[in-house]
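The primary structure of each chain is shown beneath.
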Amino acid sequence: MFKTKWVAALALGSVLLATPALTQEKKTIAVSIPAADHGWTAGVVYHANAAAKEIKAAFPDVDVIVKTSPSAAAQVSAIEDLSAGRKIDALVILPHSSEELTTPVKAIKDTGAFVTVVDRGLSDASIQDLYVAGDNIAVGHTTARFLVDKLAGKGNLVVLRGIPTVIDDERIKGFQDGIAGSDLKILDIQYANWNSDEAFKLMQDYLAKYPHIDAVWANDDDMLLGVLEAIKQSGRTEIKYALGGNGMKEIVEKVIAGDKVTPIETPYPPSMIKTAIYMTAAQFVGQAPVRGTVKLDAPLITQANAKEYYFPDSPF
């Protein structure tokens with residue numbers, strides 16, 4: 001395993017695209033990702049399509065085919081369709097569900113294809129040649145340490161979880177470890193399914209239930225939007241911080257503007273799919289055999305460095 005800043009990982013793409021084509025044999029890279037059902041996955045779709053166009057322009061003998069799927073069952077069918085009637089040299093996949101996609105991906109692997117898994121791992125990690133993901137523990141831990149510092153180690157918190165997944169568990173573990181040893185108290189912690197509307201309703205419940213809240217952590221920016229609207233409508237003024245995570249451009253804009261309630265952010269960039277596609281292409285055209293795990297850092301985004309993480313043309 002090796003660790004690198006996500007910007008450094010993306011820089012690999014620049015090196016790859018500057019390298020003369022080294023193969024005349026046609027290669028096909030299939031990319032299977034969830035449909036754009038919320039902000040983060042919309043960003044995944046945007047960056048996957050951008051990578052496909054850029055690699056095709058630089059390497060005419062490399063074909064990148066991107067397929068989106070609205071569910072795990074649809075993704076299984078999409079993988080079968082991608083492999084029907086053509087040889088797939090590599091599969092880059094962000095699985096809807098680890099369990100449902102493991103067997104279909106293994107079938108592709110058994111044909112000799114190179115397999116890159118992004119974000120959500122498969123049930124059998126031995127299937128993947130390359131794994132690219134963000135640091136979910138750091139997303140929670142970095143945010144927690146900021147709150148410990150700014151609240152002088154004391155205060156009442158409420159937390160919004162995503163959906164029951166390893167990703168969510170890791171973020172919560174990082175946050176809980178980050179506040180350990182302080183007097184910050186989590187009053188309540190419930191799921192809002194990474195959904196803005198559900199987060200709005202849950203935050204309304206928190207506001208009705210607890211007369212004093214010092215800070216809110218929604219472990220995803222889609223949820224944070226709902227939280228901020230609920231706070232705004234409530235007229236409550238004691239909440240010092242409402243923070244999220246993932247690097248949504250609307251939240252990064254707040255950081256750039258010096259917003260007092262949302263002054264920081266932690267990235268879990270959907271552009272990791274682009275990193276994964278670039279690295280997979282390098283397997284064929286860059287004389288750069290790639291194996292292992294790439295974990296992208298989740299550094300604190302502040303007003304001082306926020307512009308580095310701001311991509312206005314991205315949907316996320």
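Residues numbered from 1 in each chain as written. Predicted model: local features only at pLDDT ≥ 70, side-chain atom pairs only at ≥ 80, totals over all residues. Heavy atoms only, no water.

**Student:** Could you give me a rundown of the packing of helix 5 (residues 136–150) against helix 6 (residues 166–179), with the residues and numbers involved?
**Tutor:** Where helix 5 meets helix 6, the axes come as close as 7 Å, and the angle between the chain directions of the two elements is 30°. On the basis of the axis angle, helix 5 is roughly parallel to helix 6. As helix 5 runs across helix 6, the sense of the crossing is right-handed. Judged by residue contacts, N136, I137, V139, G140, H141, T143, A144, R145, L147 and V148 of helix 5 engage I167, E170, R171, G174, F175, D177, G178 and I179 from helix 6. Of the residues that constitute the contact of helix 5 with helix 6, the class distribution is eight nonpolar, six polar and four charged. (Axes fitted to C-alpha atoms, helices over the stretch in contact; angles between N-to-C directions. Helix = DSSP H or I, 4+ residues; strand = E, 2+ residues; numbered from the N terminus. Parallel < 35°, antiparallel > 145°, perpendicular 65-115°, else oblique. Left-handed = near helix turned anticlockwise from the far one by under 90°. Contact = heavy atoms within 4.5 Å. Nonpolar A, V, L, I, M, F, W, Y, C, P; charged D, E, K, R; others polar.)

**Student:** An account of the pairing of strand 5 (residues 114–118) is needed here, citing residue identities and associated values.
**Tutor:** With five of five residues buried, strand 5 is to be regarded as a mostly interior element. Bridging between strand 4 (residues 90–93) and strand 5 involves four bridges; their strand directions are parallel. Paired with A90 across the bridge in strand 5 is F114. Chirality of the crossover, the property in question, places the unit of strand 4, helix 4 (residues 98–109) and strand 5 among those that are right-handed. Pairing between strand 5 and strand 6 (residues 130–134): three bridges, direction parallel. Considered in strand 6, the bridge of T116 is made with L130. (Buried < 20%, exposed > 50% of the residue type's maximum accessible area, 1.4 Å probe, protein only. Pairing = 2+ DSSP bridges. Right-handed = clockwise from strand over helix to strand, strands pointing away.)

**Student:** So what's going on with the pattern of salt bridges? Residues and values would help.
**Tutor:** Tallied over the entire structure, the rule returns 13 salt bridges. D119 is the partner of R120 in a salt bridge, and the nearest nitrogen-oxygen pair spans 3.5 Å. D188 is the salt-bridge partner of K209, the closest N and O atoms lying 3.3 Å from each other. Here the residue K209 occupies a position in helix 7 (residues 196–209), and D188 occupies one in strand 8 (residues 183–191), the gap between them amounting to 21 residues. With relative accessibility at 11%, the residue D188 sits in the buried group. Taken together, the salt bridges that share partners define one network made up of K109, D129 and R291. (Salt bridge = Lys/Arg side-chain N within 4 Å of Asp/Glu carboxyl O.)

**Student:** So what about the sheet that holds strand 7 (residues 154–161)? Which residues, and what values?
**Tutor:** Taken together, four strands build an open sheet; the order of strands is 8-7-9-10 and the sheet is parallel. Whereas interior strands pair on both sides, the edge strands pair on one side only; in this sheet they are strand 8 and strand 10 (241–243). The average undirected angle you get between the axes of adjacent strands in this sheet is 15°. Judged from the eight bridges that link them, strand 7 and strand 8 form a sheet pairing that is parallel. Looking at strand 8, one finds that V159 is bridged to I189.

**Student:** Just give me the short version of the packing of aromatic side chains, but keep the residues and values in it.
**Tutor:** Per the stated rule, a full pass over the model turns up four aromatic pairs. Ring plane angle 80° and centroid distance 5.4 Å describe the contact between F146 and Y241, whose orientation is recorded as edge-to-face. Residue F146 is found in helix 5, and its partner Y241 is found in strand 10; the two are separated by 95 residues along the sequence. Their ring planes at 55° and their centres at 6.4 Å tell us that Y206 and Y210 sit as a pair that is tilted. Each member of the pair, Y206 as well as Y210, carries the same accessibility label: buried. The ring of Y268 is capped by R171, whose NZ or CZ atom sits 4.8 Å from the centre of that ring. (Phe/Tyr/Trp six-rings, centres within 6.5 Å; stacked < 30°, edge-to-face > 60°. Lys NZ or Arg CZ within 6 Å of the ring centre and 35° of its normal.)

**Student:** Account for the pairing of strand 6, naming residues and giving values.
**Tutor:** Across the five residues that make up strand 6, a large majority, five, are buried. Neither face of strand 6 is open: one carries L130, V132 and G134, the other Y131 and A133, and all of them are buried. Across five bridges, strand 6 lies against strand 11 (residues 292–296) in parallel orientation. Across the sheet, residue V132 finds its bridge partner in strand 11, namely V294.

**Student:** Could you give me a rundown of helix 8 (residues 221–234), with the residues and numbers involved?
**Tutor:** Given a rise of 1.5 Å per residue, 14 residues ought to cover 20 Å, and the 20 Å separating the end C-alpha atoms of helix 8 matches this to within 8%. Within helix 8, the full set of buried residues consists of D221, D222, M223, L224, G226, V227, L228, A230 and I231. Of the surrounding secondary structure, the elements contacted by the buried residues of helix 8 are helix 2 (39–58), strand 7, helix 7, strand 9 (215–218), strand 10 and helix 9 (249–256). Regarding helix 8, its N-cap is D220, as a side-chain oxygen of that residue lies 2.9 Å from the backbone nitrogen of D222 further along. (Expected span 1.5 Å × (residues − 1). Polar contact = N/O pair within 3.5 Å; in protein donor to acceptor, adjacent residues only side chain to side chain.)

**Student:** Can you tell me about unusual backbone geometry, naming the residues and giving the values?
**Tutor:** Leaving glycine out, the prevailing phi sign among residues is negative, and the prevailing peptide bond configuration is trans. Of note in this structure, W194 is not a glycine but carries a positive phi near 55°. With respect to the helices and strands, the residue W194 is situated in the loop between strand 8 and helix 7. Phi angles above zero are rare outside glycine, and N246 is one such case at about 125°. With respect to the helices and strands, N246 occurs in the loop between strand 10 and helix 9. Assessed through its relative accessible area of 4%, N246 is described here as buried.

None of this, on its own, says anything about what the molecule does.
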